[in-house]
Amino acid sequence: MGWCYYEPEARWLIWFALVPVAWVLAGPTRPVVYLAVFFGALTCHLLALDFIRQAYSGTVSSAWVVLSVLASCPWVASVIVARKLFRDPWLPMSVELPLVWVTMEFARFHFIALFTEVPFPYMQLGTLVVESEHLIQVADLAGVWLVTWLVASVNGAVFDVITVLFGRRNDSKTRRRAYVGAVATCALLAGAWLYGAWRLSQVASETGPLVALVPGNLSVVSEPSGIEKLTAEVRKTADYGAPALFVWSEGTCSGPIVTEWALPPNQSNEAIVNGDKRWWKDDESMHRLAALCQQLGAAILVGCERDEIVPGDPLARQYNSLAFATPNEGFQGCYDKIYLVPWREFRPIVALTLGLLPAAPTNPEYAGPYCPGRRCTPFSLATDDRTYRFATCICFEVAYANLHRKLMAAGHDRRAPDFFTGAANESAFRGPQYAQLSADAQRFRAIECRRAYARIATNGLSAFVDGNGQVLRAQHTTAKSGVLVGQIPIDNRYSLYVVWGDWLPIVSFLVLGWLAGTAVLRARKARRTISFPHDIGAPLPTALPI
């Protein structure tokens, strides 16, 4: 299974890659089995998370191994619990395996957050079948968890059939359970395919604004002379007219944007010295953004560092942000990155306390420490036709479905955004592995929210994706790439997943908890039961036989 994540061309293996896991769940309970599960899980995570090794340098590169070890622990725990609960099988493996696997992924998502302070959004089984466009449409019902359930159910059905055809146990009860589970799995797949066909037959209600995705090398924020080059790129690429929104990649601005003007006590209005940096009270960066909007005749969303000066705080707070400005109203605010990258943008306190990794990173590209954002910030984009509302995220936040659900309900009026944008700089990751993971996550987020998604990623995959997760326009954006321009389709369809959230893994977790509770009660009841060799009402013998 780890090879499926490491090599995208091998993803077809996932339809039967979990058969050995099913064999472990149904096999004998031995300590050596649990040891094999741990090392198998460790190997899988080392392959799947190899992009982490590429992104770090020095001693901090051991985060690849540390994270793989932490992510392997829920695998072993889930196998131990499942072997205790299903010692006497009464469910087909096509139900048992997805029930255990979805619960394990949900537990791993939150377990790693105990050490790294951010949940673990990667290696969800369902993301490997992203090219099966009909099947993944069910993600708007229960997220990628439901697609994971489908894939695990197929693996369980394959195991059941193999057990019946070639296994030692071939009694009528085992055959009946296996065939019923296989038929139910086929019916579930057929239902998912029909639902996907229905969703794919629906088209966007209207055509939205024209958006231009600009890589960081074409930055004109610090070099206004580059506007002519940018407009030439747009004219060469766009066939629809002038873009209404330009989106630059993460970290485009070289200088910070100061957004709070309240000065600490006893400080002059000319300059504030904090450590080795100097902050000015003036709004030069704001004027620069407004001037850029005027020259382009469009709104801009640009990656930057946001510095916040708080009264009484000797150091300015620093954020990894996206600044938004419009031609008519100038600077409108920033979105601050909420989920930061451990050891690159901040140092996890728990991990440092436990000594999992060094306190000081050796990567010269280390940009932190940043402060995490505290709110989901939607923006309004006014065009000649209407005013659109959009939400945005930064870097690997595209992998967090819960963040996008919050963005769908952001704002005082709780009006859902009309589309999503994203900005990233994936220059630290070599090879196609991480770029493919981010592109897959973008397609799933579009389906889960039923909203179009435009994302720029320097040295990654930039794409326009519609509400069905279909890629409209895409290119591999490098430091010398041109502008990618596309029209945003406006999709206003309803998504059950946005409203109900992670109901499927929570139900799976509760079911396993209920089974564990009943098993404990049965065990206690069995220990309290005393058996007698004689009938209670019969007299006991008066003498022992000789």
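Residues numbered from 1 in each chain as written. Predicted model: local features only at pLDDT ≥ 70, side-chain atom pairs only at ≥ 80, totals over all residues. Heavy atoms only, no water.

### Comments concerning the sheet that holds strand β12 (residues 452-458)
If you walk across this open sheet you meet the six strands as β9-β10-β11-β12-β13-β14, and the pairing is mixed. Where the open sheet ends on each side, the last strands, each with one partner, are β9 (379-382) and β14 (471-477). Each strand axis lies, on average, 25° off the axis of its neighbour in the sheet, ignoring direction. Pairing of β9 with strand β10 (residues 387-394) involves four bridges; the strand directions are antiparallel. (Pairing = 2+ DSSP bridges. Helix = DSSP H or I, 4+ residues; strand = E, 2+ residues; numbered from the N terminus. Axes fitted to C-alpha atoms, helices over the stretch in contact; angles between N-to-C directions.)

### Structural notes on the pairing of strand β11 (residues 419-425)
Burial analysis of β11 places six of its seven residues in the buried class, the great majority of the element. Pairing between β10 and β11: five bridges, direction parallel. Paired with T392 across the strands is T421, a residue of β11. Between the parallel pair β11 and β12, the chain is carried across by helix α15 (residues 433-449), and the sense of this crossover is right-handed. (Buried < 20%, exposed > 50% of the residue type's maximum accessible area, 1.4 Å probe, protein only. Right-handed = clockwise from strand over helix to strand, strands pointing away.)

### Re helix α3 (residues 31-48)
Taking 1.5 Å per residue as the helical rise, α3 with its 18 residues ought to reach 26 Å, and the 26 Å between its terminal C-alpha atoms agrees with that figure. For α3, the full list of buried residues reads V33, Y34, V37, A41, L42, C44, H45 and A48. (Expected span 1.5 Å × (residues − 1).)

### Here we look at the packing of helix α14 (residues 401-408) against α15
Between two packed helices, both the angle of their axes relative to each other and the distance between the axes serve to describe the pair. At a minimum axis distance of 10 Å, the contact between α14 and α15 shows a crossing angle of 40°. As the angle between them shows, α14 and α15 are arranged oblique. As α14 packs across α15, the resulting crossing turns out to be right-handed. Taking contact as the criterion, the partners of A401, H404 and M408 in α14 are, on α15, R445, E448 and C449. Split into classes, the residues belonging to the contact of α14 with α15 amount to three nonpolar, one polar and two charged. (Parallel < 35°, antiparallel > 145°, perpendicular 65-115°, else oblique. Left-handed = near helix turned anticlockwise from the far one by under 90°. Contact = heavy atoms within 4.5 Å. Nonpolar A, V, L, I, M, F, W, Y, C, P; charged D, E, K, R; others polar.)

### A few points about the nonpolar core
Counting residues in each nonpolar core, the largest one holds 124 residues, and the members touching the most others are M1, F86, W101, Y122, L125 and L245. Examining the composition of this core, we find that ten residues originate from one element, helix α5 (residues 63-85), more than from any other. With 20 residues, the next largest nonpolar core counts W248, L289, L292 and C304 among its residues. (Core = buried A, V, L, I, M, F, W, Y, C linked by side-chain atoms within 4.5 Å.)

### Digging into the state of the cysteines
Under the definition given, this model contains zero disulfides. Take C334: it sits in no disulfide, and the sulfur closest to it among the cysteines is that of C304, at 4.5 Å. (Disulfide = S-S within 2.5 Å.)

### Comments concerning the confidence of the model for the protein chain
When pLDDT is averaged across the protein chain, the result is 80; 78% of the residues are at 70 or more. Across the protein chain, the secondary-structure element scoring lowest on mean pLDDT is strand β5 (residues 277-279), at 39, and the one scoring highest is helix α8 (residues 139-142), at 94. Contacts of residues 261-282 to residues separated by more than four positions or lying in other chains number 41 contacts, the stretch itself having pLDDT below 50. (pLDDT = per-residue confidence, 0-100.)

### Here we look at the packing of helix α2 (residues 19-26) against helix α6 (residues 93-111)
Contact geometry for α2 and α6: axes closest at 11 Å, N-to-C directions at 100°. Relative to α6, α2 is oriented roughly perpendicular. On α6, the residues touching V21, A22, L25 and A26 of α2 are M93, E96, L97 and W101. Split into classes, the residues belonging to the contact of α2 with α6 amount to seven nonpolar, no polar and one charged.

### As for the pattern of salt bridges
The final tally for this structure, using the stated rule, is 15 salt bridges. Salt-bridge contacts for E131 lead to R443; the nearest nitrogen and oxygen are separated by 3.2 Å. With a gap of 312 residues between them, E131 in the loop between α7 (113-116) and α8 and R443 in helix α15 connect regions that are remote in the sequence. Classification of E131 as exposed rests on a relative accessible area of 58%. Overall, R443 belongs to the buried group, its relative accessible area being 7%. For R455, the salt bridge is made with E426, and the minimal N-O distance between the two is 3.3 Å. With a gap of 29 residues between them, R455 in strand β12 and E426 in the loop between β11 and α15 connect regions that are remote in the sequence. Taking relative accessible area as the criterion, R455 reaches 1% and is therefore assigned buried. By relative accessible area, which is 1% here, E426 ends up buried. (Salt bridge = Lys/Arg side-chain N within 4 Å of Asp/Glu carboxyl O.)

### As for the environment of G216
On the secondary structure map, G216 appears in the loop between β1 (206-214) and α11 (227-237). Owing to a relative accessible area of 26%, G216 belongs among the partly exposed residues under this scheme. Remark: the alpha-carbon pair of G216 and V302, spanning 86 residues in sequence, is separated by 9.3 Å. Each residue touching G216, except ones within four places of it in the same chain, is listed here: S249, T252 and T458.

### A closer look at a nonpolar patch on the surface
A contiguous nonpolar surface patch, about 460 Å² in accessible area, is contributed by I162, L165, F166 and Y179. By residue number, the principal contributor to the nonpolar patch is helix α9 (residues 144-166), which donates three residues. (Patch = residues over 30% accessible without salt bridge, like charges linked within 9 Å, V, L, I, M, F, W, Y side chains within 5 Å. Areas by Shrake-Rupley, 256 points an atom, 1.4 Å probe, with all protein chains shown as cover.)

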